[in-house]
Amino acid sequence: MTKRALITGITGQDGSYLAELLLEKGYEVHGIVRRSSSFNTGRIDHIYRDPHDASARIFLHYGDVTDGQHITNLVQEIEPDEVYNLAAQSHVRVSFDQPNYTLQVVGAGALNVLEAVRKLNQRKPVKVYQASSSEMYGAATEIPQTETTAFRPQSPYACAKAYAFYQTVNYREAYGLFAVNGILFNHESPRRGETFVTRKITRAAARIKLGQQQKLFLGNLDTKRDWGFAGDYVVGMWLMLQHDQAEDFVLATGEAHSIREFLDFTFQRLGLNWRDHVEIDPRYFRPAEPHVLLGDASKARSILGWKPTVDCRQLAELMVDHDLKLAESEAEACAK
């Protein structure tokens, strides 16, 4: 029997890779997208087919996780076997500017999804994945961080994610819901939004290589993160819901690299020296920022058999190669 999955945030980086994975595994995939005045389905246009086509297995529904009643209605209508809650205001720096909005989407949104799943679970089994974040560890004194490391969030985004994490645990323990948290460390790809530092770097480096841009402005270059490939991490999400019991797992590479190192990997790929092009701008510093986030995914390795396949240098090269082609295409279009 064909499994049915519902993905909130399907148009985002993780949502698009997850949709591809589930389609490859034979799922019928449903996604929730927010209504806007312009199309925002670019990351999934290559897999989205005419919903009137009888062979189509991906379906999109307008909705917003902040609208609890509508989310409940959709879950009851779709009757998914698995729900992946990836919807978020996921930019940490922006969360300082929009703390309440971040809380509503990330925190209350997760609660709305859990409550909708709880109601459906009363008449059919359903599993739910909650996208938790390494940002919850914040000012952790323990390095590397594991599933048992205490949370010390340092941003409105991280606080909202911690709330969603504990609600997921609560629904698991109070209602017997198969609900899991995936505590994912930073994961990037060519589909990463251009306001996130890794994609900002690779996008700018490609443009600098072609003479389309001269300078790149960044904040703290000494910040260290555990960066992996998003395509690897969605496999871990799926594996968590295939496990025979609901547990929380860290997904990480186990290697921390500074933004300075990511610059090295990116600009070296293009035969450039980033020091000739990068300038520090205080506007990009966060009011509070974790200095080192480094994950230990031993539990996921031993229980789920999950492991990353792309290291940080390979990731930077993958992204900048993509962005160089993109910049070349833009240049060709402008020349016409």
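For the structure itself, look to the data block above.
Residues numbered from 1 in each chain as written. Predicted model: local features only at pLDDT ≥ 70, side-chain atom pairs only at ≥ 80, totals over all residues. Heavy atoms only, no water.

A. Representation of the overall build of the chain. The number of helices and strands found in the chain is 10 helices and 13 strands. Over its C-alpha trace the chain gives a radius of gyration of 20 Å, about what one expects of a compact globule, namely 20 Å for 336 residues. Taking the principal axes of its C-alpha atoms as reference, the chain extends roughly 60 × 50 × 40 Å. Across the 336 residues of the chain, 53% fall into the buried class. The long-range share in the chain, meaning contacts at least 24 apart out of those at least 6 apart in sequence, stands at 80%. Carbon and sulfur atoms make up 49% of the accessible area of the chain, which totals about 14900 Å². Computing the positive centroid from 38 side-chain charges and the negative centroid from 42, the chain places the two 1 Å apart. (Helix = DSSP H or I, 4+ residues; strand = E, 2+ residues; numbered from the N terminus. Rg over C-alpha atoms; globule rule 2.2 N^0.38 Å. Buried < 20%, exposed > 50% of the residue type's maximum accessible area, 1.4 Å probe, protein only. Contact = heavy atoms within 4.5 Å. Areas by Shrake-Rupley, 256 points an atom, 1.4 Å probe, with all protein chains shown as cover. Lys, Arg positive; Asp, Glu negative; His and termini not counted. Charge placed at Lys NZ, Arg CZ, Asp CG, Glu CD.)

B. Fine view of the packing of aromatic side chains. All chains considered together, the criterion is met by 10 aromatic pairs. Centroid distance Tyr233 to Trp306: 5.3 Å. Interplanar angle 80°. Geometry classified as edge-to-face. Separated by 73 residues along the polypeptide, Tyr233 in helix H7 (residues 230-242) and Trp306 in the loop between helix H9 (298-304) and helix H10 (312-335) bring together distant segments of the chain. Grouping residues by exposure puts Tyr233 and Trp306 together as buried. Three or more aromatic residues link up through ring pairs in this structure, and these residues are Tyr137, Phe151, Phe165, Tyr166 and Phe185. (Phe/Tyr/Trp six-rings, centres within 6.5 Å; stacked < 30°, edge-to-face > 60°.)

C. Spatial organisation of the nonpolar core. Ranked by internal contacts, the top residues of the largest apolar core, which has 59 residues, are Ile7, Leu18, Leu22, Val29, Tyr84, Tyr129 and Leu263. With 8 residues, H7 is the largest single contributor of residues to this core. Ignoring anything within four residues of it in the chain, the contact list for Val29 reads Ala5, Ile7, Ile10, Ala19, Leu22, Leu23, Arg57, Ile58 and Phe59. Leu6, Ile32, Ala87 and Val126 belong to the second largest nonpolar core, which has 20 residues in total. (Core = buried A, V, L, I, M, F, W, Y, C linked by side-chain atoms within 4.5 Å.)

D. Here's a closer look at the pattern of salt bridges. Considering all chains together, one arrives at 21 salt bridges under this definition. Between Arg4 and Glu28 there is a salt bridge; the shortest N-O distance is 3.0 Å. Of this pair, Arg4 sits in strand E1 (residues 4-8) while Glu28 sits in strand E2 (residues 28-33), and the two are 24 residues apart along the sequence. Across the pair Asp323 and Arg199 runs a salt bridge, and its minimum N-O distance is 2.7 Å. Of this pair, Asp323 sits in helix H10 while Arg199 sits in helix H6 (residues 197-209); the two residues are 124 residues apart in sequence, bridging distant segments of the chain. With respect to class, Asp323 is no different from Arg199; both count as buried. One salt-bridge network, held together by shared partners, links Glu194, Arg203, Arg207 and Glu330. (Salt bridge = Lys/Arg side-chain N within 4 Å of Asp/Glu carboxyl O.)

E. Here's a closer look at the sheet that holds E1. Read across the open sheet, the 7 strands follow the order E3-E2-E1-E4-E5-E6-E11; overall the sheet is parallel. Of all the strands in the sheet, the pair left with one neighbour each is strand E3 (58-62) and strand E11 (249-251). Direction aside, the axes of adjacent strands within the sheet are offset by 20° on average. Both E1 and E2 contribute to a ladder of 5 bridges, which runs parallel. When the sheet's bridge partners are listed, Ala5 is paired in E2 with Val29. Each of strand E4 (82-85), strand E5 (127-133), strand E6 (178-184) and E11 touches H7; the most contacted strand, E6, lies at about 155° to it. (Pairing = 2+ DSSP bridges. Axes fitted to C-alpha atoms, helices over the stretch in contact; angles between N-to-C directions.)

F. Spotlight on the packing of helix H8 (residues 259-269) against H10. Look at H8 against H10: their axes get within 9 Å of each other, and the N-to-C directions meet at 50°. When the axes of H8 and H10 are compared, the pair comes out oblique. The way H8 lies across H10 gives a crossing that is right-handed. In this structure, H8 uses Phe262, Phe265, Thr266, Gln268 and Arg269 to contact H10, whose residues at the interface are Cys312, Arg313, Ala316, Glu317, Met319, Val320 and Asp321. For the contact of H8 with H10, a count of residues per class yields 6 nonpolar, 2 polar and 4 charged. (Parallel < 35°, antiparallel > 145°, perpendicular 65-115°, else oblique. Left-handed = near helix turned anticlockwise from the far one by under 90°. Nonpolar A, V, L, I, M, F, W, Y, C, P; charged D, E, K, R; others polar.)

G. The environment of Leu22, seen in detail. Following the sequence through the fold, Leu22 ends up in helix H1 (residues 13-24). Residue class for Leu22 comes out buried when judged on its relative accessible area of 0%. Sequence-distant contacts of Leu22, defined by excluding residues within four places in its chain, comprise Ala5, Ile7, Tyr27, Val29, Tyr84 and Trp238.

H. Main features of helix H4 (residues 99-121). An ideal rise of 1.5 Å per residue puts 33 Å on 23 residues; H4 measures up with 32 Å between its terminal C-alpha atoms. Along H4, the sharpest kink reaches roughly 30°, centred on Ala108. (Expected span 1.5 Å × (residues − 1). Bend = angle between axes of the 7 residues up to and from the residue.)

I. Fine view of the pairing of E4. Across the two faces of E4 the burial is the same, with Glu82 and Tyr84 and Val83 and Asn85 all buried. Where E1 meets E4, 4 bridges bridge the pair, whose relative direction is parallel. Across the sheet, Ile7 pairs through a bridge with Tyr84, a residue of E4. In terms of strand pairing, E4 meets E5 through 4 bridges, oriented parallel. Each bridged residue has a counterpart across the sheet, and for Asn85 the counterpart in E5 is Gln130.

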